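The chain contents come next:
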Number of protein chains: 2
Amino acid sequence: MNKYVIGVDLGGTTVKAGIVSFGGTIIDQLSIPTQADKGPEIVVKQIIKAINEITAKANGNEIAGIGVVSPGLVGLDGNTVEAPPNFKNWDSFPLRDSIANGLGVSIPLRIENDANAAALAEAKFGAGRGEKNFLFVIWGTGVGGGIIMDGKIYHGPHGGGGEFGHASIEYDGPVCNCGNIGCIESYIGQRYLSARAVRYLKDKTDSLVWKLVNGNASEIDPRILYDAASKGDAAATEIMSEAGELLGVAISSFMNIMNFDLGIVGGGVSAAGDLVFKPMNEQVKKRVMAPLRPVARVIPAQLGNQAGILGAGGLVM
Amino acid sequence: MNKYVIGVDLGGTTVKAGIVSFGGTIIDQLSIPTQADKGPEIVVKQIIKAINEITAKANGNEIAGIGVVSPGLVGLDGNTVEAPPNFKNWDSFPLRDSIANGLGVSIPLRIENDANAAALAEAKFGAGRGEKNFLFVIWGTGVGGGIIMDGKIYHGPHGGGGEFGHASIEYDGPVCNCGNIGCIESYIGQRYLSARAVRYLKDKTDSLVWKLVNGNASEIDPRILYDAASKGDAAATEIMSEAGELLGVAISSFMNIMNFDLGIVGGGVSAAGDLVFKPMNEQVKKRVMAPLRPVARVIPAQLGNQAGILGAGGLVM
């Protein structure tokens, strides 16, 4: 008989649950609809359903604990989840206690914010193995983050630590959705980046990008840009390279203040690889304080979509 | 018989030493020349001289420990000090051990970076009393900082935590001495701020500032600007207000990432009071993430020049 944990990754569309080994292997997993439009009580029922179904697949092996990761602000009480985006009628809800009551079994149960848990997953099983301190960045639709400090998730005084996307890189830059000005998210978050690309490409009618989208500007997104750039298109390369540089700027400022030497970047856009990581690292080497220069670097995350389940499992290991 | 500690504030010009009560009162203090141009061995002799002289004034009261604060990077070993600015022939030097050997008595002895110690002093005896987490900023010639996290000085993985002055507020802004671009220091550090003021005032010949310096641009500094502004000069008010705003921008980004709600700002320029704190707080309220908005604020430091001795003393309490 082996000892495993269960990791649950709550998303706006699906609840994913997996059996995770202490070495970080997902033994088995499943996915059911979240029903996020039906309010938190129904979502909890779905989570419990997912937990029960995956537990049934554990073949009698011991389940040492259950971790659940959720979008939104997870309170310092380790129970309350506030306003997860795309979940209806969900202001502030006692997620941990509701799951525990619904399960009715006594087993260690912890919840955590999804970006923080992904950072933990990278620390335990991914690009951050052996590293005690790093900034984790999820570069996708938005720019999210988590901070691993002294080997643990950094929550901050109010539980919302790691909102790296809302550090400003230009005090008089574009207004961000959050209310701040010049946030790194408002430059390189997927939506903003696509819009920047459309503006930049307006007079570059010979760019391959226009061929790839059949002239349809609304289809320009980071994947198309990456595709064009990897085929040698200069304009697309320039756009992705600038995005990498800007992220490097924001990471450097963080490193200077917090004295960190490592950034780990995951999320959809980061799939562009060297195209973004090379200019990112160039900026970091140039911009961090002299004592950090020999050691500072940014590397790709390793766990991709598995980070949620693995991070959730990692909470109870 | 009372129990006190000794706090030593090592500066480029003078070594200040004081007897400090556990309540944060400086009972007695003295000051002797540092002789920073004569190398670290002579500086250590001066420190020991200062310690011995102030100990002689303790009137037989118990001295529970000695704290020494120094400019430069203090290593995580709590011994080595690297490259304090304005100290000659000082690359990397074992300051703690050298003082301990020279003193020849067995008494708790700790060293710390001066900005970090000033942050600790504000936490123990000043504007940060009762606060577990805040960013401390010294706004003077440069822009320095220290971070109090969970009631303790945050050192970071390499001992250089809190270099807040070298966070960038504009990715394509002015080049800073440190090599980074758009650092907050390169906008509002005293030298840079004076230069900005001269440029701004060039065509504002009727500004009171020009009268106060008899038309001599090289004499324009934050004190003059503050003087003119407090007498109602619009241009000087604008310059100081903008400087406060920019500091607010940098503090907001820090608050967003680290989830902090408090900034404490000291140093010479901060003496301008409301003139800078009001615009600073306006930016902070506008720019921090929604959950922080009701609580985020920046307040003036309270300890001024005493922060060094008090912070040094605080190290061994």
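It should be noted that the structure appears before, not after, this text.
Residues numbered from 1 in each chain as written. Chains lettered and ligands numbered in written order. Predicted model: local features only at pLDDT ≥ 70, side-chain atom pairs only at ≥ 80, totals over all residues. Heavy atoms only, no water.

Can you walk me through unusual backbone geometry in this structure?
Among all residues save glycine, negative phi is the norm, and among peptide bonds the norm is trans. Although it is not a glycine, Asn59(A) sits at a positive phi angle of roughly 55°. Taking relative accessible area as the criterion, Asn59(A) reaches 68% and is therefore assigned exposed. Unlike most non-glycine residues, Asn214(B) shows phi in positive territory, near 50°. Along the chain, the position of Asn214(B) falls in the loop between helix H6 (208-212) and helix H7 (222-230). (Buried < 20%, exposed > 50% of the residue type's maximum accessible area, 1.4 Å probe, protein only. Helix = DSSP H or I, 4+ residues; strand = E, 2+ residues; numbered from the N terminus.)

Would you explain the pattern of salt bridges in this entry?
Where charged atoms of side chains with opposite charge meet at close range, the side chains can pair. Residue and element names in this part refer to chain B. Across all of its chains, the model carries 16 salt bridges over all chains by this definition. The salt bridge involving Arg297 is made with Asp261; its shortest N-O contact spans 3.1 Å. With Arg297 in strand S13 (residues 297-300) and Asp261 in the loop between helix H8 (234-258) and strand S12 (262-266), this residue pair connects regions lying 36 residues apart in the sequence. Residue Arg297 is classed as partly exposed on the basis of its relative accessible area of 27%. (Salt bridge = Lys/Arg side-chain N within 4 Å of Asp/Glu carboxyl O.)

How should I be thinking about the pairing of strand S13 (residues 297-300) of chain A in this particular structure?
Along a regular strand, successive side chains alternate from one face of the sheet to the other. Residue and element names in this part refer to chain A. In this sheet, S13 lies alongside strand S12 (residues 262-266) in parallel orientation, the contact comprising four bridges. Considered in S13, the bridge of Ile264 is made with Ile299. Taken together, S12, helix H9 (residues 274-287) and S13 form a β-α-β motif whose crossover is right-handed. (Pairing = 2+ DSSP bridges. Right-handed = clockwise from strand over helix to strand, strands pointing away.)

How should I be thinking about the packing of helix H5 (residues 190-201) of chain A against helix H8 (residues 234-258) of chain A in this particular structure?
The description of two helices packed together rests on the angle between their axes and the distance between the axes. Residues and elements named next belong to chain A. Taken N-terminus to C-terminus, the directions of H5 and H8 make an angle of 140°; their axes are 11 Å apart at the nearest point. Here H5 lies oblique to H8, going by the angle between them. Along this stretch, H5 crosses H8, giving a crossing that reads as right-handed. Where H5 approaches H8, its residues Leu193, Arg196, Ala197, Tyr200 and Leu201 are matched on the opposing element by Ala235, Glu238, Ile239, Met240, Glu242, Ala243 and Leu246. Here the residues of the contact of H5 with H8 sort into nine nonpolar, no polar and three charged. (Axes fitted to C-alpha atoms, helices over the stretch in contact; angles between N-to-C directions. Parallel < 35°, antiparallel > 145°, perpendicular 65-115°, else oblique. Left-handed = near helix turned anticlockwise from the far one by under 90°. Contact = heavy atoms within 4.5 Å. Nonpolar A, V, L, I, M, F, W, Y, C, P; charged D, E, K, R; others polar.)

Please explain the sheet that holds S13(A) as it appears in this structure.
Strand-to-strand pairing in sheets goes through backbone hydrogen bonds, with the strands running parallel or antiparallel. Residues and elements named next belong to chain A. With mixed pairing, five strands are arranged side by side in an open sheet as S11-S10-S9-S12-S13. At either margin of the open sheet sits one strand with a lone partner, and together these are strand S11 (152-153) and S13. Summarising the sheet, strand S9 (residues 134-139) and strand S10 (residues 143-149) pair through six bridges and their orientation is antiparallel. By the bridge assignment for S10, Trp139 is matched with Val143.

How should the packing of H8(A) against H9(A) be read in this particular structure?
All names here are of chain A. Where H8 contacts H9, the two axes come as close as 7 Å, and the packing angle between them is 40°. Crossing of H8 against H9: the hand is right-handed. Contacts between H8 and H9 involve Thr237, Met240, Ser241, Gly244, Glu245, Leu247, Gly248, Val249, Ile251, Ser252, Met255 and Asn256 on the former and, on the latter, Leu275, Val276, Pro279, Met280, Gln283, Val284 and Arg287. Partitioning the contact of H8 with H9 into residue classes produces 10 nonpolar, seven polar and two charged.

How should I be thinking about the environment of Pro84(B) in this particular structure?
Residues and elements named next belong to chain B. Looking at the secondary structure, you find Pro84 in the loop between strand S6 (80-82) and strand S7 (92-94). Considered as a pair, Pro84 and Gly72 are 12 residues apart in the sequence and their alpha carbons are 3.8 Å apart. Ignoring sequence-local partners within four residues, the contact set of Pro84 consists of Pro71, Gly72 and Trp90.

Before we go on, may I ask you to explain helix H1 (residues 40-56) of chain A in this structure?
Each α-helix turn comprises 3.6 residues. Residues three or four places apart therefore point the same way. The end-to-end C-alpha separation of H1(A) is 24 Å, in line with the 24 Å expected for 17 residues at 1.5 Å each. Of the residues making up H1(A), those classed as buried are Pro40(A), Val43(A), Val44(A), Gln46(A), Ile47(A), Ile48(A), Ala50(A), Ile51(A) and Ile54(A). (Expected span 1.5 Å × (residues − 1).)

It is not clear to me how the interface of chain B and chain A should be interpreted in this structure. Could you clarify?
A common way to state how big an interface is: give the accessible area lost once the parts meet. Chain B puts 42 residues into the contact, and the matching count from chain A is 42 residues. Between chain B and chain A the total buried area reaches about 3600 Å² when both faces are included, carbon and sulfur atoms providing 58% of it. Our count for the chain B to chain A interface comes out at zero salt bridges. Elements with a contribution of two residues or more to the side of chain B that touches chain A: strand S10 (143-149), H8 and helix H9 (274-287) of chain B. Counting residues per element, the side of chain B that touches chain A draws most heavily on H8(B), at seven residues. Of the residues belonging to the side of chain B that touches chain A, the class tally is 20 nonpolar, 15 polar and seven charged. (Buried area = accessible area lost by both parts, 1.4 Å probe.)

Just to check I follow, could you spell out the pairing of strand S4 (residues 62-70) of chain B for this structure?
Residues and elements named next belong to chain B. S4 sits mainly inside the fold: eight of its nine residues count as buried. Relative to S4, strand S1 (residues 3-10) runs parallel, the two being bridged by six bridges. Of the residues in S4, the one forming a bridge with Tyr4 is Ile63. Two strands pair when backbone bridges link them, and S4 and strand S8 (residues 109-113) are joined in this way by five bridges, in the parallel orientation. Bridge pairing links Val69 to Glu112 in S8.

Please clarify how the side chain of Asn133(B) should be interpreted in this entry.
With respect to the secondary-structure elements, Asn133(B) resides in the loop between helix H3 (114-125) and strand S9 (134-139). Classification of Asn133(B) by relative accessible area gives buried; the value is 17%. A distance of 2.8 Å separates a polar side-chain atom of Asn133(B) from the backbone nitrogen of Asp150(B). If sequence neighbours within four positions are ignored, Asn133(B) has contacts with Pro157(A), Ile148(B), Met149(B), Asp150(B), Phe260(B) and Leu262(B). (Polar contact = N/O pair within 3.5 Å; in protein donor to acceptor, adjacent residues only side chain to side chain.)

Would you mind showing me how to read the packing of aromatic side chains here?
In this description, a pair of aromatic rings is defined by centroid distance and the angle of the planes. Scanning the entire structure with this criterion turns up nine aromatic pairs over all chains. Aromatic pair Phe87(A) and Trp90(A): ring centres 5.4 Å apart, planes at 80°, arrangement edge-to-face. You'll find Phe87(A) and Trp90(A) in the same group, each marked buried. Both rings, one in Phe254(B) and one in Phe260(B), keep their centres 5.3 Å apart while their planes meet at 85°; by these two values the pair is edge-to-face. Phe260(B) shares its class with Phe254(B); the two are buried. (Phe/Tyr/Trp six-rings, centres within 6.5 Å; stacked < 30°, edge-to-face > 60°.)

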